Amino acid sequence: LESFCARLAAEQMGTDGLLKLERIIQEMHQGAAAGHSETIVEIDVSFHKTITQATQNHRMINILATLDDQMHRIRSLWLGQSRWLEGTLAEHDQIVKGITDRNPDAAEAAMRKHLQISCEHVIRFLMPMRRD
């Protein structure tokens, strides 16, 4: 669903939304440079919500908000890991590029790649915590 949201954002996000997305990316890079992992988590949530809200599809927004609430704790734990943060920022940059270039295929592909990599990071992060 979120990959589809990126596609729709590339097609229909307004100028204000594009400017907001670019500000969010700048804040995320600044937060990462300053080592503010708590701030980065909140900015990451804002990044994804901004893209989702661009669809103006309330059902999709509500579904993704419910899933996001479930993922918040996990995101808080692993996103601050410096070895993954740099890659996450680069992935976000590619998503924004696809959206601002009005390239739905690139935006969707970048979001899909980002979510797949994020999922793999979460699994690797959680495996040592697993109790047999």
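This report concerns the structure included in the present document. In this text, all values refer to a predicted model and were calculated from it rather than measured experimentally.

### A few points about the pattern of salt bridges
Right, so step 1: Counted according to the given criterion, the structure contains five salt bridges.
Right, so step 2: Among the salt bridges present, the one from Arg 7 reaches Glu 108, with a minimum N-O distance of 2.6 Å. Of the two residues, Arg 7 sits in helix H1 (residues 2-12) while Glu 108 sits in helix H6 (residues 104-126), which places them 101 residues apart along the sequence.
Right, so step 3: A relative accessible area of 19% means that Arg 7 is categorised as buried.
Right, so step 4: Residue classification places Glu 108 among the buried positions, given a relative accessible area of 14%.
Right, so step 5: Here Lys 97 makes a salt bridge to Asp 101, at a shortest N to O gap of 2.6 Å.
Right, so step 6: The structure contains a network of salt bridges with shared partners spanning Arg 7, Glu 11, Asp 105, Glu 108 and Arg 112.

### A look at the nonpolar core
What tends to happen in soluble globular proteins is that the nonpolar side chains get buried as a cluster.
Right, so step 1: One finds Ala 9, Met 13, Leu 21, Phe 47, Ile 51, Ile 95 and Ile 99 to be the most contacted residues of the largest nonpolar core, which totals 26 residues.
Right, so step 2: Counting residues per element, the ones that place at least two in this core are H1, helix H2 (15-34), helix H3 (37-53), helix H4 (58-78), helix H5 (82-100) and H6.
Right, so step 3: Dropping the residues within four chain positions of it, Leu 21 is found in contact with Met 13, Phe 47, Thr 50, Ile 51, Val 96 and Ile 99.

### Remarks on the packing of H1 against H6
Right, so step 1: Two numbers describe how H1 lies on H6: the axes approach to 8 Å, and their chain directions differ by 150 degrees. Taken together, the axis directions place H1 and H6 in an arrangement best described as roughly antiparallel. The hand of the H1/H6 crossing is right-handed. Residues Glu 2, Ser 3, Phe 4, Ala 6, Arg 7, Ala 10 and Glu 11 of H1 pack against Pro 104, Asp 105, Ala 107, Glu 108, Met 111, Arg 112 and Leu 115 of H6.
Right, so step 2: Considering only residue class, the contact of H1 with H6 consists of seven nonpolar, one polar and six charged.

### A short note on the environment of Leu 89
Right, so step 1: Assignment of secondary structure puts Leu 89 in helix H5.
Right, so step 2: Taking the C-alpha atoms as reference points, Leu 89 and Ala 32, 57 residues apart in sequence, are found 8.7 Å from one another.
Right, so step 3: Residue contacts for Leu 89: discarding those within four places in its chain leaves Met 28, His 29 and Ala 32.

### What to know about H6
Right, so step 1: Its 23 residues place the ends of H6 33 Å apart at the C-alpha level, agreeing with the 33 Å of an ideal helix rising 1.5 Å per residue.
Right, so step 2: Turning to H6, its buried residues are Pro 104, Ala 107, Glu 108, Ala 110, Met 111, His 114, Ser 118, His 121, Val 122 and Phe 125.

### A look at a nonpolar patch on the surface
Right, so step 1: A cluster of nonpolar side chains, namely Leu 1, Ile 63 and Leu 67, defines an oily patch on the protein surface of about 280 Å² accessible area.
Right, so step 2: With respect to the helices and strands, Leu 67 occurs in helix H4.
Right, so step 3: On the basis of relative accessible area, Leu 67 is assigned to the partly exposed category, the value being 47%.

### Observations concerning H3
Given 3.6 residues to a turn, an α-helix orients residues that are three or four positions apart in the same direction.
Right, so step 1: With 17 residues, H3 should cover 24 Å at 1.5 Å per step; its first-to-last C-alpha distance of 24 Å lies within 8% of that length.
Right, so step 2: For H3, the set of buried residues is Ile 40, Val 41, Ile 43, Asp 44, Val 45, Phe 47, His 48, Thr 50, Ile 51 and Thr 52.

### Brief notes about the environment of Thr 88
Right, so step 1: Note on placement: Thr 88 falls in helix H5.
Right, so step 2: A residue is classified by how much of its surface remains accessible, and Thr 88, at 2% relative accessible area, is buried.
Right, so step 3: As a C-alpha pair, Thr 88 and Ile 117 span 29 residues in sequence and 8.6 Å in three-dimensional space.

About the thresholds
- Residues numbered from 1 in each chain as written.
- Predicted model: local features only at pLDDT ≥ 70, side-chain atom pairs only at ≥ 80, totals over all residues.
- Heavy atoms only, no water.
- Salt bridge = Lys/Arg side-chain N within 4 Å of Asp/Glu carboxyl O.
- Helix = DSSP H or I, 4+ residues; strand = E, 2+ residues; numbered from the N terminus.
- Buried < 20%, exposed > 50% of the residue type's maximum accessible area, 1.4 Å probe, protein only.
- Core = buried A, V, L, I, M, F, W, Y, C linked by side-chain atoms within 4.5 Å.
- Contact = heavy atoms within 4.5 Å.
- Axes fitted to C-alpha atoms, helices over the stretch in contact; angles between N-to-C directions.
- Parallel < 35°, antiparallel > 145°, perpendicular 65-115°, else oblique.
- Left-handed = near helix turned anticlockwise from the far one by under 90°.
- Nonpolar A, V, L, I, M, F, W, Y, C, P; charged D, E, K, R; others polar.
- Expected span 1.5 Å × (residues − 1).
- Patch = residues over 30% accessible without salt bridge, like charges linked within 9 Å, V, L, I, M, F, W, Y side chains within 5 Å.
- Areas by Shrake-Rupley, 256 points an atom, 1.4 Å probe, with all protein chains shown as cover.

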